[in-house]
Every structure is written in C-alpha cells, then in structure tokens.
Amino acid sequence: MKNSSDEIYSLLRDNIKDMIPYSTARDDCKIPMEIYLDANESPFENGVNRYPSPSQPEIKRKLARLKKVRPENIFIGNGSDEAIDLIFRLFCTPGRDSAVIVSPTYGMYGTAGRINDIKIIECPLGPEFSLDASRVLAAVDQTVKVIFLCSPNNPSGNLLEEKEIEKIIGTFPGITVIDQAYIDFAPGKSLCSRINDCPRTIVLQTLSKAWGMAGLRIGMAIACETVIDAMNRIKYPYNISVPVQRQVLEMLDDPFSVQERVSIIISEREKMAQALARMRGVEKVFPSDANFLLVHFREKQKVFDYLKDHGIIVRDRSSLPLCRDCLRITIGTPRENARLLAALENCADGHGSGEKREEEKTSAGRKATVKRKTKETDICVSVELDRFEEPFVSTGLHFFDHMLQQIGYHGAIGLRILCIGDLETDDHHTVEDTAIALGDALSQALGPKTGIERYGFALPMDEAQDWVLLDLGGRIDFKWEAEFRSEKIGDLNSQMLEHFFKTLAQHLKCNLHIRAEGKNDHHVAEGIFKAFARALKAAIRKDCTDFRIPSSKGIL
Ligand SMILES: *Cc1c(COP(=O)(O)O)cnc(C)c1O
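Residues numbered from 1 in each chain as written. Predicted model: local features only at pLDDT ≥ 70, side-chain atom pairs only at ≥ 80, totals over all residues. Heavy atoms only, no water.

So, about the pattern of salt bridges. Using the criterion set out here, one finds 33 salt bridges in the structure. When the shortest N-O distance is used, the salt bridge between arginine 200 and glutamate 7 registers 2.7 Å. A residue pair is termed long-range when its members are at least 10 positions apart, and arginine 200 in the loop between α8 (194-197) and β6 (201-206) and glutamate 7 in helix α1 (residues 4-11) qualify at 193 residues. Glutamate 7 matches arginine 200 in its accessibility class, with the two residues each being buried. Beyond isolated ion pairs, a larger network of salt bridges with shared partners links Arg278, Glu384, Arg387 and Glu389. (Salt bridge = Lys/Arg side-chain N within 4 Å of Asp/Glu carboxyl O. Helix = DSSP H or I, 4+ residues; strand = E, 2+ residues; numbered from the N terminus. Buried < 20%, exposed > 50% of the residue type's maximum accessible area, 1.4 Å probe, protein only.)

Note on sheets: strands pair through backbone hydrogen bonds, and any given pair is parallel or antiparallel. Judged by pairing direction, the sheet is mixed, and its 4 strands sit side by side in the order β16-β17-β21-β18 without closing on themselves. A strand with exactly one partner marks an edge of an open sheet, and here the two such strands are β16 (455-458) and β18 (477-482). For this sheet, the mean inter-axis angle between neighbouring strands, taken without regard to orientation, is 0°. Where β18 meets strand β21 (residues 511-517), 6 bridges bridge the pair, whose relative direction is parallel. Counted as the bridge partner of alanine 482 is alanine 516 from β21. (Pairing = 2+ DSSP bridges. Axes fitted to C-alpha atoms, helices over the stretch in contact; angles between N-to-C directions.)

Okay, the site of the ligand next. Taken together, 14 residues sit near the ligand, with Asp179, Tyr182, Thr206, Ser208 and Lys209 positioned nearest. One of the side-chain nitrogen or oxygen atoms of aspartate 179 is found 2.6 Å away from a nitrogen atom of the ligand. Measuring from an oxygen atom of the ligand, one finds a side-chain N or O atom of threonine 206 at 2.7 Å. Residues of the shell around the ligand, tallied by class, amount to 5 nonpolar, 5 polar and 4 charged. (Near = heavy atom within 4 Å. Polar contact = N/O pair within 3.5 Å; in protein donor to acceptor, adjacent residues only side chain to side chain. Nonpolar A, V, L, I, M, F, W, Y, C, P; charged D, E, K, R; others polar.)

We now examine the pairing of strand β4 (residues 144-150). Remember that side chains alternate between the two faces of the sheet whenever the strand is regular. Counted residue by residue, β4 has 6 buried out of 7 residues, so it is predominantly covered. When strand β2 (residues 98-103) meets β4, the two strands line up parallel, connected through 4 bridges. For valine 100, the partnering residue across the bridge sits in β4 and is isoleucine 147. Each parallel crossover has a hand, and for β4 linked through helix α7 (residues 162-171) to strand β5 (residues 175-179) it is right-handed. (Right-handed = clockwise from strand over helix to strand, strands pointing away.)

It is worth spelling out the pairing of strand β12 (residues 367-373) at this point. As defined by bridge partners, β12 adjoins strand β13 (residues 377-384) across 7 bridges and the pair is classed as antiparallel. Paired with lysine 367 across the bridge in β13 is glutamate 384. Hairpin connection between β12 and β13: a loop of 3 residues separates the two successive antiparallel strands.

Tracing the backbone through its elements, the reader meets aspartate 433 in helix α16 (residues 428-446). Only 2.7 Å separates the side chain of aspartate 433 from the side chain of threonine 377, close enough to count as a polar contact.

This part is about the packing of aromatic side chains. All told, the structure shown has 14 aromatic pairs when counted by the stated rule. When the ring of phenylalanine 500 is compared with that of phenylalanine 501, the centres are 5.0 Å apart and the planes differ by 85°; the resulting orientation is edge-to-face. For phenylalanine 500, a relative accessible area of 0% gives the class buried. Judged by centre distance (4.9 Å) and plane angle (55°), the rings of phenylalanine 501 and phenylalanine 529 are tilted. In this pair, phenylalanine 501 is assigned in helix α17 (residues 496-508) and phenylalanine 529 in helix α18 (residues 521-540), connecting sequence segments 28 residues apart. With respect to class, phenylalanine 501 is no different from phenylalanine 529; both count as buried. Grouping aromatic residues by their ring pairs yields a cluster made of Phe400, Phe478, Trp480, Phe500, Phe501, Phe529 and Phe532. Taking the ring centre of tryptophan 467 as reference, the NZ or CZ of arginine 515 above it sits at 4.7 Å. (Phe/Tyr/Trp six-rings, centres within 6.5 Å; stacked < 30°, edge-to-face > 60°. Lys NZ or Arg CZ within 6 Å of the ring centre and 35° of its normal.)

This is how it looks when you write it as structure tokens:
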C-alpha cells in the first residue's frame, strides 16, 4: 500500500520529480541576523529594499486559523491563477497529457492548460448546471491527469452537488481540483478538511472576492503537505511582494467586517434575483450561491449595449455552452444595484417607445407608478392596492428599507420602491422624496375612491404601544406623539420618522394621527410602520357591493 506522499510523487511530471529547486538567499537562515550581505540588495532602508519572505509564514499562520488547516497545507500564489498554472506544470506533461473541465466554467483552466500545451476535454454540465459525476468520469482516459471543478461555479453561480464531487474524488486516480473562490457567499461548507482524507484533492480559495483584495493578488491552494511542497518548489521564489504581504496581514485581522459585507451582498443578491425575475425582458434568473447572478435576457445584446451606454458594464457570457443570451451581473453596493435596476427598467420601457404606457393605460385595477427626479434623488415608486407581492425596497438606507417593507407586508399591497439618493450629506432628501413619491403613488392608485372603507385604525403592536388613526377623506391633518431615545435607529436619523409621515400625509391627502411609546426605539419605529400599514389596509379596502363615495357629502 502506497502512503500518500508516494502516491503524489508518482503523479508528478517526470522532470519535476527529482528536480532541485532554486534556493533563495535566506532559505536556511532561521534566526534573524544583524547584517545582511547575502542577496545583493541595497543596504539603504526605504521599506522595500529587502526581498520578501519566500514562504510567507505569518500570512499562512493567520490563514490556517481562518481555514482550520495547518500552515503546511497552504500555498500562497499571485492570485489563484498562479496556483492553476502551477498545477498544470506539476502534474501534466506538455503535448501528451490532458485535463477535464466542466462547461461552462471559469475560463482560466482552459487558458492555463493551453498555454502549457495540455489538451482540455470539456464535459458539459447537466440541466440547471448540475454536475453528473458519471459523465465526467466517462470523459477520463489514460492521458487525463487533472479534473477541475468549480463550486460555486462561475458563471452559473450554483454549488455543485457534494455527492457528485465525492464520487469523482473517490474514483479518479489523478488530481481533483475544487475551486471554491466563491465559497464565502454559499451555504455549502468549505471542502478544506477533505485534503486530510484524500491527498489527491486540491482546494483553491482566494482573497479576491469576499475578502475584497482582488487588487493585492492573493490566492491559495489548500492540499496535503506533499502537494504544497511541490508547488513551493516550482513557484517563483518571491511571488508575493513586500507591500502586499504587509497589507494582507493587516486586512486579515478584520474578518468581522468581511462577514458583514458578505451578508449585505447575500441579501442584495436575493433582492436583485427577485427584482430581475419580475422584469419584462428577463427570461430567467439562475439561482446563485455566489456574488453574481447569471441572467437570461430576451434581448441580451440590446440590454448589454444600453447598460454600457449608461456607464454600467456587465459580463456577456452568451458565447459559453448552456449560456445563450446570458449576462453575468456582479452584485454591487445597494446604490449600484438600484441604478442597474433603474437602467434595466428604462431599457425595457424602450426609451419611452410608448409600449409600456399603453400597458399602464389598459390595465384596470388600482395601481400607480410615480417617478421623481430631483437634484438629490432619483426615485421610482410603484404600488398596487389589490394584489400583494413580495415588497421590493431599496433606498440605500438599511433600516428605512426594512421599515418601508412593513408597509407592503402589513398593508398587503404590491410595493416597489427604488431610490437613488444623495446619502453623502444626510438622509433627509432620501426620506422626504420617498414619502412624497409614495404618498402620490398611493393617492393616484386610490383614484376616485369609490367604495373604499375610508377609515382605518390600528392598536398596540408588539410590546411597544403604537396607535395609528387614518382617514382618507381628503382633509390633510397630521398629529405626532412619539419620541425616540437615541438620535439614530440603525442608519436612520430618528427625527426623520416624523418628517416621513408628515410628508406622506400631505401627499396621500389624509388625516393621520400617530402616537407611540415604548422602551426600544427599533420596536417603536417598526410598530408605527406596521400599525400604519394595518390602518392603510383597512382604509383602502373596497366593498364590492358599494359604489358610493364614502362621504355624506358625496364627494371626497
Ligand atoms: C475570481 C475567480 C478566481 C480568483 O482568481 P484570483 O486569481 O485569486 O483573483 C478563481 N476561480 C474562479 C472560478 C474565479 O471566478
């Protein structure tokens, strides 16, 4: 029975097997010296006059803790791209050997393979980009030394099924590479621990995506010690520069803000997937476990060109197998995503070709869309009173979004709010203009108000005491009796809440009385929004047997 290092040794390319690696000047110098006259460096200190550490032990120690492996199991490269190239050079003989990749997948495997004169065998993924191990294994012959799998896969975004990956690892006698560049965005687990059970497995991860360090170029291969040793033997000795090593060490100390940003990206991804799926012109949004969405458009080229003309670049993946008419869209900041949606909506409007307006005119039912553009904000609000739809709200203010969603949920109405506002100075314009547009939209959707209940009220919500009285009769009045303990609730100034409802009342043309008390600002605010939504739900309800204006004067 072979032990694991013999097994890996037998897989290495012949010329690599017993090659003596280039030894760097300081390889065998374990303790710090006083004077370095060994490497022909400049002796004058300027921060970068010395060669960097060729083995990056400090970075490896930190990464090992994060990845729950030993430092000896980590190779650090100039991006994962370096690791991909080295894998070909270690295990495949040019002009003779081949590698299997699935398709569609990340382009670098094919490119690095062809540069090394290695034949690339493409094995198409199944329906919904699923992995079928038996299909991949059927493509393997004597010449295949490496199989590349990418999970979550780029450009499709989905995790490959673990059971199928295991089948490949368990059956294929060569090297299986699992590229997990996007694993931080996925519910699937990192496969780093697999290297202990199977020495022929190499896991690739990177600091380029979730960690936000694409500009530093740091990728890693995680594998058994024999594979990592072999990679270190053939890499450029000083592949990671001094300033990069310094900055990576610093940035690795802040995993919490990385997690926070990842959770924002994931929640934006879900919001965007829903919003895109509802858009005219979108055939399909593929489910994603990564920080991008693959979207099948009805008119891909028109969309791509329109976005480009408006300063937004996405990735055209339509030439890849199974990706006909597909664009790959990276999830950006909430603001960038809102701008993308606004641009797509305008594109679908056919730049005002009249197609959509026709649709709006002919569609009966109580709904309205209000677009407002001021110096500070660009806003679009759609409401539909008689049909609930999962609310979509994006204003760039996290807490405000969460509150506005309550109006959709508890009002049981269709609600879409997209606001691109100037938040650099403060949140005033975003809140005010949202209130104006929402009030106008609700008022327009109500139309002549025939048959509506007109009045609504709601009583204590949760453990906070919130009261809302609402009369849609048309007389504008506003009373506010609520105080908040702190200046900010989440990312919203608490004093903006009164201003929001006051402005909303003016534009909805209603009489609104709000009273609230409670210990927890967040709960009080949320209670007000829920209570308002409940009151609104009651007041806008239509009695289908009553076609009168709900006023003794016969006019509202
Ligand atoms: C982005 C990406 C990488 C990362 O490459 P780096 O060279 O580390 O920036 C690796 N694999 C896949 C599939 C990717 O999409």
